[in-house]
Structure formats: structure tokens, C-alpha cells
Amino acid sequence: MPYDSPVPGYMNNTVNTLRLWSAKAPNQFNLEFFNNGQYIQAVCDSNLAENISRVLYPNDNFFSGKELRLKQEYFLVAASLQDIVRRFKSAKFGCRDVVRTSFTSFSSKVAIQLNDTHPSLAVPELMRILIDLEGIEFDEAFKITRETCAYTNHTILPEAMERWPVHLLERILPRHLSIIYEINAKFLDEVSKKWPEDVDKLRDMSLVEEDGEKRINMAYMCIVSCHAVNGVAAIHSNIIKSKTFKNFYEMFPDRFQNKTNGITPRRWLLMCNPSLSDIIIDKIGDGWVVSLDELRSLESFADKPNFLSAVRKVKQENKMKFAEYVKKEYGVAINVDSMFDVHVKRIHEYKRQLLNCLHMIVMFNRIKENPMRDFVPRTVFVGGKAAPGYHMAKLIIKLINNVSQVVNNDPIVGDKLKVLFIENYRVSLAEKVIPAADLSEQISTAGTEASGTGNMKFMLNGALTIGTLDGANVEMKEEMGDDNIFIFGMTVEQVADLWAKGYKPVEYYERLPELRKALDMINDGYFSPEEPGMFKDIFNSLVHDDRYALLADFESYIACQEKVSELYKNPELWTKKCVYNIAASGKFSSDRTISEYARDIWGVEPSDTKLPDPSQTPLHIGQDEELNEYLQSGGH
């Protein structure tokens, strides 16, 4: 059953529709079973069907190949494609009569963007509809499918790549599996023509992986079956071309593109930070709301004391509002004059919340060792959710909470340092914490974060960033200049070189006293006296494995944090850098991102035409052909 949610445009009288789906059983209640006393069986069919969309399967960074996930993915894809095909054939909005019978123009009327591999079953499902229901030959159906579909890759982590077991597809979607097999056979014919007698290439590029359990690599299927493939930041797109999908890039170089992610300035500045929006509008007008590049003109105010004072005042007010919220929700009183150091994102080892946690412990130890030393007060906020079955991520949350308990209740530490784990992190909470942040933590291991968008939200709201050269951080640095961001740690190339030489994290543990002390406190139960061995898994993973090179980047991170503290002592210079961050945010508007998708992938020229108000006289035929075509199609 479809559920439509209106998505209004900004000041243009256009409302698009987001169609969501819920699974419903055709027979909600079986009276015959009920009359026979089989009360549970009477509603069993209904429950089984509705389970498909009752709870969305949550794991996204660890592919686990569960049957429910496959059913959900197929259900959503199949419902959407049937709706798309129905609309295409009906041609006019609200009409159910079939007008079009030929699919030759399908790809010029329909664009399907596969947002990662979760909707990748759209490829065999569209093929099935075209071949089995519409009677189109396989090659022609594949041509239509390829011209219609495009694929966005969102991760390079191997464990996040969808690889469906063949036995599962065989049992649940046998027809789709046969279509995938035929796509693969025809593709491997092309590969063998390009690289004759190269058996390794055939094995490496096959959509069917046969090492161990036989599986279908859904990312490979998307690349083969789509006319465009893109990453979501420049560095990410380069990695998928040079490493992750290197063979496919050599096969289809023209298909690969970059589309750096963006955020909407309407929500992430205008709505969530009205005070900052007001002082910006006062200086440069409100054109930036729909054309974020206009923020660049704020650079001319970066040396104006009155403007810098206004920016500082807004930040302080936002911090006071968030401090009130924290006091009310968590009962923790925080120092509003402290630096608000914020690390909010999904909890995952590659995002390195543990590195931040090690810094918290180092700061705690420094204060305890010398309470009289000069120390810039900090309040460290960490927030985010972990996938339900991700043990290490859950343990990281527990560790941060335990560190928080120790730090926040130490009388020697007092207001100099506070640590808080923000529960149930979500959009509405992001709208409170992001405007209040002084420092944004974007510290993933170089080469692991596809893009990130939280980094852009903090930048737009005047927080400075401490981060690695990963994801969109690279482009942010290019836009704002090297002096306005705190960069630390290894590059992608240096990380690869580290592992090539044989990385031994224990050597860093033995060489760096502050690191060793922090890790020993974790291992020896300092933060878990009731259960001393609680965090041994964390200690062992870092000292003996350290897949994401936290210990290798530790020294650089701590040194960079000291530079952050030093700059924070100079409010004028800190605020000036904040202004440069805001002014450089223009590139990271979702308006720019979607316009690039439209022009480069969907073959549509974006329009800024404003539809007439209901009270106005509508345009007559011929006045604006493009607009009239839009209106006659029902706005679709």
C-alpha cells in the first residue's frame, strides 16, 4: 500500500511526492480458521506479510545476508517499479488507461538512481517486467535498463558490500537469479574479448563469486547494468576507480563520475540557526538561501570587529540554549565558556570515536597530574547509534559513558573537562547541537569515509574542523584554505604504505607514554571497577590489530588538539576562521549536487521556474512551453 508524503519546494509553489510503501496482506482475517478455533492461524497470513515492512532491517555497515533484508529490498523495489511502469504507460497524471505500449522512450522519461546496492534488485526486476510481462527481447530489455539506471556507491568498506548467497536468491527470487546469470554470461563474453585468455580477470570481474560460499556481488552487477557510476566525494571517486572497482573502470572508463555530497542550507542554517542566518542576511541579503555560493561575499566581513562580535554572540547564545537542554535531559551542568567539542555520527570503528576517547583520557590524566597547569576548558559531546549486532560499537558507547562518569564526578577536574554521550542522536537533536559546536570531529582513517555530510553542516554553522584528509574534508580544505582547518594524521597513501611495511600497533603502545597509560587504564578496569575485564576487547583490538590505525595517528591527533586549544585562547582569530568556514560552504549545497546529477546523469536541465500562485491567473498554452508540459503531466 502506498503512502504519499508531500515534499514542498522552497518558495516556488512546487510540491513533489515521496511515495513510501507498507506491506499489507490481501486477506487480513481468515474467518474459516477462526470458526474452527484456530485463532492464531486466522491472522497468521496477515502478520507474515506485514512483517516485511514492520521494522526496517537496520545493519548498513555490516552486510549479514539475512532473508528479511532481501525480502524488504525486493518488496520496496518491486512496488516502486510497478508504480513507475504504470505511470509511464498511462502517460497522463491520474489516468489508469494504457496509452504507451512501446518502451523505446522509457529511459528518456524515467531515471532510476540506485542509492548504494540496497535497491540493486531494481535491475533484474525491471528486466523481468520488460521480458516476461512486456515481451521484450533480453538484449533490448538490458539496453533499456542500462540507459534508465545509474548507481551511486557510498562505501568502500568490504564488509558493507552486499553479496547475496546464491542459495537464498535461488529459493526466494529464482527468476531474478536466472536473469543475473545471463547478464553475467554476456558481460564475461565482453571481458574475454577485451582481455583474451586472462582467466584471472574473468574470475575477478564475474558477478558470481565462487570462493567459498557462492554469492552475487551486487555492486558489480550495478556497475555492469547502469550507464553511470559515481562516488560521493572526489577522493572517494578516485579510490573506487583506482582500487575498489579498478578492473571495471578500465572496462568502462566513461561510466565513472564524481558527485560530491551536499546539504540543504534551508534546514541546516536558515531553520536550525535563525540567529546566525539573520546576521548573514543583514550583511549580504538572503540570496544565499537558494544560491549558497553567495556566502563567499562574507569573506569581506572577516576583518570587521562588529561582525565578528555578532558571530561570537550568536555562538554563545546557541551554546547556552544547548547547555540548558543538556541540564534538563541529562542533569549535567556544563561550562558554557568551555570549548564545545562535538563528535556526532554513526558509531563505527572506522569513524574512530575511540581515538577521541583516548584524547579524553589524556586530558583527564593531564589535569589530574597537574591541576594548576594552563588548560583550555572543554566539553566533549559524542553522539550516534550503533547497529544492533555490532558488539565493538556497543562497547565503545559503554566505554565513553563510563569515562564520562569518572571525568564528570572528579572534583579535581571540575569544570575544566566534561564528557557527555548524547543519547538517541537524531535530526532534531542535530539541529540543537550543530549550531552550538565550536569544534567538529571528522577523524576517520584516511580512505575509509566516502564523504560525510555532518562535516558540511558544522562548517556551515561556523564550527572549525579537526580531521583527516578523508571524504569531503579534502574538498572543504580546498574551499576554505589550509589555515582554516585542523588537519592531522596519515594520507591514504601513507596508510597503505604503513600496512605494506607491516604495521605493528604494539610498537606505538610501547613508545608513547601517554598512550600506554590511557590504554592500560582501559584494560585494567579504571573505568569499569565493577567489571575490570569489560573493555579488554577494546585494548586487544587496538594494541594487537588496530585495523583503522588509531595508534599510528594518535601522536599527530594529540598535537593537533593542542593547536586547537591554543587558537581557542584567541577569540578574535578563532571567530575569523569561523567566518571563513561559513563563507566557503557554497560548494556543499545539495542544490549543486542535485543539479549535477540532473545534468550529468539523468539528462534533465534543472529549472528554477516558479509556478504561479493558486490565486494568480495560470499561464496560457504557448506562454511557457516547458512549464505547460510540466503542468499537463500533473507535475511529474
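Residues numbered from 1 in each chain as written. Predicted model: local features only at pLDDT ≥ 70, side-chain atom pairs only at ≥ 80, totals over all residues. Heavy atoms only, no water.

(A) Structural view of the pattern of salt bridges. Here the structure, examined in full by the defined rule, presents 42 salt bridges. Put simply, Lys-259 and Asp-600 hold a salt bridge, and the shortest N to O gap is 3.1 Å. Of this pair, Lys-259 sits in the loop between β9 (256-258) and α14 (265-271) while Asp-600 sits in helix α28 (residues 590-602); the two residues are 341 residues apart in sequence, bridging distant segments of the chain. Classification of Asp-600 as partly exposed rests on a relative accessible area of 45%. Each of Asp-4, Arg-19, Asp-83, Arg-86 and Arg-87 takes part in salt bridges that share partners, so that together they form one network. (Salt bridge = Lys/Arg side-chain N within 4 Å of Asp/Glu carboxyl O. Helix = DSSP H or I, 4+ residues; strand = E, 2+ residues; numbered from the N terminus. Buried < 20%, exposed > 50% of the residue type's maximum accessible area, 1.4 Å probe, protein only.)

(B) Quick peek at the packing of aromatic side chains. Overall, the coordinates contain 22 aromatic pairs when judged by the stated rule. Between the aromatic rings of Tyr-350 and Tyr-548, the centroid separation amounts to 6.5 Å while the plane-to-plane angle is 55 degrees, which identifies the pairing as tilted. Of this pair, Tyr-350 sits in the loop between β10 (339-344) and α17 (353-369) while Tyr-548 is found in the loop between α25 (536-544) and α26 (550-568), placing the two residues 198 residues apart along the sequence. Each member of the pair, Tyr-350 as well as Tyr-548, carries the same accessibility label: buried. For the ring pair Tyr-509 and Phe-539, a centre distance of 5.7 Å and an interplane angle of 85 degrees mean the geometry is edge-to-face. Taken together, the residues Tyr-509 in helix α23 (residues 505-511) and Phe-539 in helix α25 connect sequence positions 30 residues apart. Of the two residues, Tyr-509 and Phe-539, both sit in the buried class. Feature note: the residues Phe-187, Tyr-220, Phe-245, Phe-248 and Phe-252 constitute an aromatic cluster, connected by ring pairs. Over the aromatic face of Trp-195 sits the side chain of Lys-201, whose NZ or CZ is 4.9 Å from the ring centroid. (Phe/Tyr/Trp six-rings, centres within 6.5 Å; stacked < 30°, edge-to-face > 60°. Lys NZ or Arg CZ within 6 Å of the ring centre and 35° of its normal.)

(C) Layout of helix α15 (residues 274-284). Those residues of α15 not exposed but buried are Leu-276, Ser-277, Ile-279 and Ile-280. One side of α15 carries all its buried residues, which in axial view fall inside an arc of 170 degrees. For α15, the secondary structure elements touched by its buried residues are α14, α16 (305-330), α20 (454-460) and α27 (571-583). (Arc of directions from axis to C-beta. Contact = heavy atoms within 4.5 Å.)

(D) Fine view of the side chain of Thr-445. On the secondary structure map, Thr-445 appears in the loop between β13 (439-442) and α20. A polar contact is formed between the side chain of Thr-445 and the backbone oxygen of Tyr-548, at a distance of 2.6 Å. Beyond its immediate sequence surroundings of up to four residues, Thr-445 is in contact with Tyr-350, Arg-352, Asp-470, Val-495 and Tyr-548. (Polar contact = N/O pair within 3.5 Å; in protein donor to acceptor, adjacent residues only side chain to side chain.)

(E) Local environment of the packing of α17 against helix α24 (residues 513-523). For the pair α17 and α24, interaxial distance at closest approach is 9 Å and the crossing angle is 105 degrees. One finds that α17 runs roughly perpendicular with respect to α24. Only Glu-514, Leu-515, Lys-517, Ala-518, Leu-519, Met-521 and Ile-522 of α24 make contact with α17, whose side of the interface consists of Leu-358, Ile-361, Val-362, Phe-364, Asn-365, Arg-366 and Glu-369. Per-class residue counts for the contact of α17 with α24 are nine nonpolar, one polar and four charged. (Axes fitted to C-alpha atoms, helices over the stretch in contact; angles between N-to-C directions. Parallel < 35°, antiparallel > 145°, perpendicular 65-115°, else oblique. Nonpolar A, V, L, I, M, F, W, Y, C, P; charged D, E, K, R; others polar.)

(F) Here's a closer look at the nonpolar core. If you look at the biggest cluster of nonpolar residues, it comprises 137 residues, and the most contacted ones within it are Phe-245 and Ile-538. Dropping the residues within four chain positions of it, Ile-538 is found in contact with Leu-354, Met-392, Leu-395, Ile-396, Leu-399 and Ile-522. Counting 51 residues, the second-largest nonpolar core is a separate cluster that includes Tyr-325, Ala-437, Met-459 and Ala-472. (Core = buried A, V, L, I, M, F, W, Y, C linked by side-chain atoms within 4.5 Å.)

(G) Looking closely at the sheet that holds strand β6 (residues 208-209). Reading across from one edge, β5-β7-β6 is the order of the three strands in this open sheet, with antiparallel pairing throughout. Of all strands in the sheet, those with a lone pairing partner are β5 (163-165) and β6, marking the two edges. Pairing geometry for β6 and strand β7 (residues 215-217), over two bridges, is antiparallel. Among the inter-strand pairings, Glu-209 is bridged to a residue of β7, identified as Arg-215. Against the sheet, helix α11 (residues 218-225) contacts β5 and β7, and its axis sits at roughly 45 degrees relative to β7. (Pairing = 2+ DSSP bridges.)

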